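Listed below, chain by chain, are the residues.
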Amino acid sequence: TMAHSKALLVLENFIGGKFVTCSSYIDSYNPSTGDVYCRVPDSGKEEVEAAVKAAKDAFSIWSSKSPLERSRILNKLADLIEHDLEAFAQAESKDQGKTITFARTVDIPRAVYNFRFFASSILHQTTECTEMATMGCVHYTSRAPVGVAGLISPWNLPLYLLTWKIAPAIACGNTVVAKPSEMTSVTAWMMCKLLEKAGVPHGVVNVVFGTGAKAGEALVCHPDVPLISFTGSTLTAQRITEKSAPHCKRLSLELGGKNPAIIFDDADLTQCIPMTLRSSFANQGEICLCTSRIFVQRGIYSEFLKRFVAEAKKWKVGNPSDPTVDVGALISEEHLEKVRSYVKKAQAEGARVLCGEGVDSLTLPAGNQKGYFMLPTVIAEVKDESCCMQEEIFGPVTCVVAFDTEEEVIKRANSVKYGLAATVWSSNVGRVHRVAQRLQAGLVWTNCWLVRDLNLPFGGMKASGIGREGAKDSYEFFTEVKTITIKH
Ligand code: NAD
């Protein structure tokens, strides 16, 4: 790492409105070159303690502001991020490996929108009231912020997912301690630089950087952090659940998926094929909502496969900062190896790899030879029990299999431990409703993918999570409700 030290970007924790250095640091890589380019604080108990204290101290001021005052500040922050959108997009692409195009059009615009959305929605939340005439009583609910919220986010959509938590948490009047992924911390640090200008009082948003095992766990175990909103893997969620159990913490868990696409023989393939390519390979397949099991009805199976593979081969892999590139680098060398190992396992089991890894050759620009790249890979003839059809791969790998009947495909689609998202392609309106109702998934998209109305619940069933996020759901999670009864 010495060779790079001159150019290293060094991040600092943001505690109580100040940037503070840490006693030790971890290396962070540029996934498209394989170089260490950044050093991230390796925070632990001490730093988390300081951040929680700052958040506790700021709570009384922030929670007593009116929703309108908080809304104005959130809008200001949205404007400031939007003003620097290009710098944020460049940073996200470099830090995460995603294409600049994706960062510019998805990640950063959504981070901006997260603040705008909750700045608006907090003004429109209402509580409940019932009348009990026979008892001469009126009941109503009132909601108040809970306190210090611990927010833990993953590396795939760094600022997007972190702000999806920060925005509702502070809109509701909580103060927060956030812990982004140690692999993608840069844009969160950049956002901290804008907080004061936006008018966010010191201590309302604190960010501690570091690993899950040290910084993350210290936050989860801190007695003064009564709620934890976590997005990440199912395995980590189990650990967080265990560690927080002695404190009976309120948890929101947004976890992995093994999302099916179900394509009936009456689907409009001119729409379905490009969208299913996107749902399989967008952001290198590193989106919790990505499709990784494609069920195609027998009558159109060969045609679909032929066209799908031909199109998949056109996806350009390379330097993420090249705007013509479709697939950037995967997050880390370790993750790349894990994703590749699934393709090898499928081959060993007798499945056919139709394009991508191990089949086609990948030529990379001179500066990207050591980056963590992989071609979009399509696997066919995989058994439903295969690990490729059961486990979350989280890379540019998708499996295509045939099915015969509606009844059969629903059963097969539901036969995994996850239940996050599903897509259904058919022009039969009755069928799309029927199938959507029976799929075990928190989100079902028919004849589209990734179209989100933030007003409505987002989240998973089964091993994909507990709780939902959205206008009303996040409001409920980040507030404590009280029922008050008045006898007149
Ligand atoms: P991860 O679980 O390894 O890490 C997520 C975060 O948790 C990181 O900040 C990490 O440092 C922290 N962490 C790790 N161990 C911890 C511990 N013991 N205590 C506290 N914090 C800890 O997940 P990842 O690899 O960063 O992200 C990929 C996963 O996230 C995939 O499974 C993906 O499906 C999931 N994901 C889900 C959604 C969703 O909304 N459902 C969205 C994006 C990603």
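By the naming in an unreviewed UniProt entry, the protein is 2-aminomuconic semialdehyde dehydrogenase, taken from Aptenodytes patagonicus. Turning to the protein, the UniProt record has this under Pathway (unreviewed entry): "Amino-acid degradation; L-kynurenine degradation." Per UniProt, the protein carries the Subcellular location (unreviewed entry) text "Cytoplasm".

### Considerations on the side chain of Thr 184
Of note, Thr 184 is situated in the loop between strand 9 (175-179) and helix 6 (186-198). For Thr 184, a relative accessible area of 2% corresponds to the buried category. Apart from residues no more than four positions distant in its own chain, Thr 184 is found in contact with Asp 95, Gln 96, Pro 154, Trp 155, Pro 158 and Ile 331.

### Points about unusual backbone geometry
The phi dihedral of Glu 381 falls on the positive side, at around 55 degrees, and the residue is not glycine. On the secondary structure map, Glu 381 appears in the loop between strand 16 (377-380) and helix 12 (387-390). Judged by relative accessible area, which is 44%, Glu 381 ranks as partly exposed. Backbone geometry places Leu 450, a non-glycine residue, at a positive phi of 65 degrees. Here Leu 450 shows up in the loop between strand 20 (443-446) and strand 21 (461-462).

### Thoughts on the pairing of strand 16
Of the two faces of strand 16, the one carrying Thr 377 and Ile 379 and the one carrying Val 378 and Ala 380 are both buried. As paired strands, strand 15 (residues 352-355) and strand 16 are joined by three bridges and run antiparallel to one another. Bridge pairing in strand 16 places Cys 355 opposite Val 378. Taken together, the four bridges between strand 16 and strand 17 (residues 397-403) define a ladder with parallel strand orientation. Looking at the pairing, Ile 379 lines up with Cys 399 of strand 17.

### Digging into the UniProt feature "active site" (unreviewed entry) in the protein
UniProt records the feature "active site" (unreviewed entry) for Glu 254 in the present numbering. Here Glu 254 is to be found in strand 12 (residues 250-254). Setting aside anything within four residues of it in sequence, one finds Glu 254 in contact with Phe 230, Thr 231, Gly 232, Phe 458, Gly 459, Gly 460, Ser 464, Gly 467, Arg 468 and Glu 469.

Rules used throughout
- Residues numbered from 1 in each chain as written.
- Predicted model: local features only at pLDDT ≥ 70, side-chain atom pairs only at ≥ 80, totals over all residues.
- Heavy atoms only, no water.
- UniProt positions renumbered as here; feature names shortened; annotations may be inferred.
- Helix = DSSP H or I, 4+ residues; strand = E, 2+ residues; numbered from the N terminus.
- Buried < 20%, exposed > 50% of the residue type's maximum accessible area, 1.4 Å probe, protein only.
- Contact = heavy atoms within 4.5 Å.
- Pairing = 2+ DSSP bridges.

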